[in-house]
Amino acid sequence: MLMPYAPAIAIDGPKGVGKTDTASRHADTVYYLDQVEQQNIIQADPHLTTAPAGSLLFDEWQYVPEVWNTVRRQVDAGAPAGRFLLTGSASPVAGVDTHSGAGRILSLRMRPLAYYERYRPVSPVSLSELLLGDMDPIAGQTSQATLADYFEAIVESGFPGIFQAAPQLRRRLLDAYVQRVIDKDLPESGYAVRHPETFRRWLTAYAAASSTTTSYSRILDATTAGDGHQPAKTTTAAYRDFLTKMWLLDPVPGWVPVNNEFTKLAVSPKHQLADPALAARLLGLGARGLGTAQGAHMAGPLFESLVTLSVRTAAQAAEGTVSHLRTPKGDREVDLIVQGPEGQVMGIEVKLTASVTDADVRHLLWLREQAGEAVTNLVVVTTGSTAYRRTDGVAVVPLALLAE
C-alpha cells in the first residue's frame, strides 16, 4: 500500500468496482460527495480548515471538483503521508478547470476483479517474477479450469456486486448497469442521450470489436440501423469521449518502446470495455453461446479481454504498463506487451487452446530477436491445464494460474 508514502492518492475506475469500499477501509473520515448534504459541508469550507485529523476520503470527488485543487494545494503545503484519498467514477464535466495533480496526487486505476482475484490459484505463476526475468516460477503447476469455466468467467463479470449472483439476476444487473449509464451517468457528466437506441447500437458495435484495432469509422458503419439510419460521427465521438471519462472504455494502447528497436509500429489502440461481461451481454452471448457456432467468433476476442484484465491488474502491482504490438501491415503482432519500471519487456500471446505450436510463438520469438536483452520473458496464456516452459524458452501458462 502506498499510503505510508504518498500524501494524496486518487483511485479511478468505473462504478461498481469497489473503490469506495476499498478506500473507506483506510480512511478515518469519509465524505460522500454524491450526496447534496455532504457537498454543502465541503462547499462551506472549501479550504478544509475544519477538517478532522487523520485520513480523509472524498468519494465521487468529481461532484465538487474544487476538492481536487484544495488537496493539491495542501500537498504543496506539506500534508502528511496518507492524508487524502479521492475516488471517482468519472472525470469532471467539461469546462471545469482542475490542476492535473502531476507530482502531487498519485493516480491509481481500479478495474473489475481479475480472474485470479476471483479464484485464487493454489500454486500461482507470478507475473511480477516473470517480468523480472525469473525462469523458475514455471514448475509444472496444474489447474482444473476448463474451457467452459473460462466462458463462465467471461460472462459472470468482475464487478464484485455482480459476479457471484445467480445467472438470471446477473444478466439483469448487467442490463441495468448499461441502462444507468444512459439514464443517469451520461447526463450527470453533461451529456443527455437523445437517442438511447443509437447509443446502445454503437456500444454493441464497440463490444463486437473487442480485442481488435478496428477503426472507429468501421465501428460507426456497424452502428447503422436496419432502416439505413446512421448516427453522426460527432455523436459517436461524444459517446466515446464520455465513456472514456467514465472509465467504461479501457483500450490497450499501441506499444511505443523507450529505446525504439523497431523502424515503425502501429499505435492504434485495441478496443476493450472495462469488463468482458458487459461486451458479452451487449452481444447477447452467454457461457453456452460462446461454445456454439453462433458465438464462436467472439470466444477468442472475449477470452483475450479476460486475459487482458488479469494482466493489467497484475502489471499495475508490478509497476508495469500494458500495451500491444502491431506492425503497420499487420504481419507482426504481439497481443500484450508488459513493460516494467526499468524497461523490462515481456511479450504475451493469448490462445484459446490448450496446446501451443511453433506457429503460435513465432511473433514472440521475433520480438526477442528485435528487442534483445530487454526481453525478460515470453509467455503464451492458454486454456490448458499445466504450466511449462518450451525448449525455445517460451513459458506456457494457463490463465487460471497467472497471478501477481
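Structure shown above.
Notes on the structure follow. Note on numbering: residues in each chain are counted from 1, in written sequence order. Totals for whole chains, interfaces and linings use every residue, but because this is a predicted model, local features are given only for residues with pLDDT of at least 70 and side-chain atom pairs only at 80 or more, for both listing and counting. In computing side-chain properties, one takes all heavy atoms of the structure into account and sets aside hydrogens as well as water.

To continue, consider a nonpolar patch on the surface. A patch consists of residues whose relative accessible area exceeds 30% and which take part in no salt bridge; residues with like charges are grouped when within 9 Å of each other, and nonpolar side chains (Val, Leu, Ile, Met, Phe, Trp, Tyr) when within 5 Å. Each accessible area is a Shrake-Rupley estimate made with a 1.4 Å probe; only the visible protein chains count as cover when residues are assessed. Here a salt bridge means any side-chain nitrogen of Lys or Arg lying within 4 Å of a carboxyl oxygen belonging to Asp or Glu. A cluster of nonpolar side chains, Leu2, Tyr5 and Leu106, forms an exposed patch at the surface whose accessible area comes to about 310 Å². Along the chain, leucine 2 falls in the segment before strand S1 (8-12). Assessed through its relative accessible area of 36%, leucine 2 is described here as partly exposed. Secondary structure counts use DSSP, requiring at least four H or I residues in a row for a helix and at least two E residues in a row for a strand, with both numbered from the N terminus. Burial classification: accessible surface area is computed with a 1.4 Å probe over protein chains only, and a residue below 20% of its type maximum counts as buried, one above 50% as exposed, and the rest as partly exposed.

With that settled, the discussion passes to helix H7 (residues 167-188). The span you would expect from a helix comes to 1.5 Å times its residue count less one. With 22 residues, H7 should reach 32 Å at 1.5 Å per residue; the first-to-last C-alpha distance of 30 Å fits that figure. Valine 181 marks where H7 bends most, by close to 45°. Along H7, the residues that are buried comprise Arg170, Leu174, Tyr177, Val178, Val181, Ile182, Asp185 and Leu186. The contact definition used throughout considers only heavy atoms, calling two residues in contact when any of these lie within 4.5 Å. As for H7, its buried residues are in contact with helix H6 (147-156), helix H8 (196-208), helix H10 (233-245) and helix H11 (276-282). Looking one or two residues beyond H7, the residue adopting positive phi is glycine 190, at roughly 100°. What is called the bend at a residue is the angle between a pair of axes, fitted to the seven residues leading up to and ending at it and to the seven starting from it.

Within a pair of aromatic rings, the relevant descriptors are the distance that separates the centres and the angle that separates the planes. Centres within 6.5 Å make a pair out of two Phe, Tyr or Trp rings, where for Trp the six-membered ring is used; the pair is then stacked when the planes are under 30 degrees apart, edge-to-face when over 60, and tilted otherwise. Across all of its chains, the model carries 10 aromatic pairs by this definition. One aromatic cluster in this structure is built from Tyr115, Tyr119, Tyr150 and Phe303. Any Lys NZ or Arg CZ that is within 6 Å of a ring centre and within 35 degrees of that ring's normal is treated as a charge sitting over the ring. Against the face of tyrosine 216 rests arginine 240, its NZ or CZ located 4.1 Å from the ring centre. The positively charged end of lysine 245 is found above the aromatic ring belonging to phenylalanine 242, 5.2 Å away from the centroid.

Of note, leucine 48 is a non-glycine position whose phi angle comes to about 60°, a positive value. Along the chain, leucine 48 turns up in the loop between helix H2 (36-44) and strand S3 (56-59). Residue serine 157 is not a glycine yet carries a positive backbone phi of 85°. Relative to the elements of secondary structure, serine 157 occurs in the loop between H6 and H7.

Any link to function would need more than the numbers given here.
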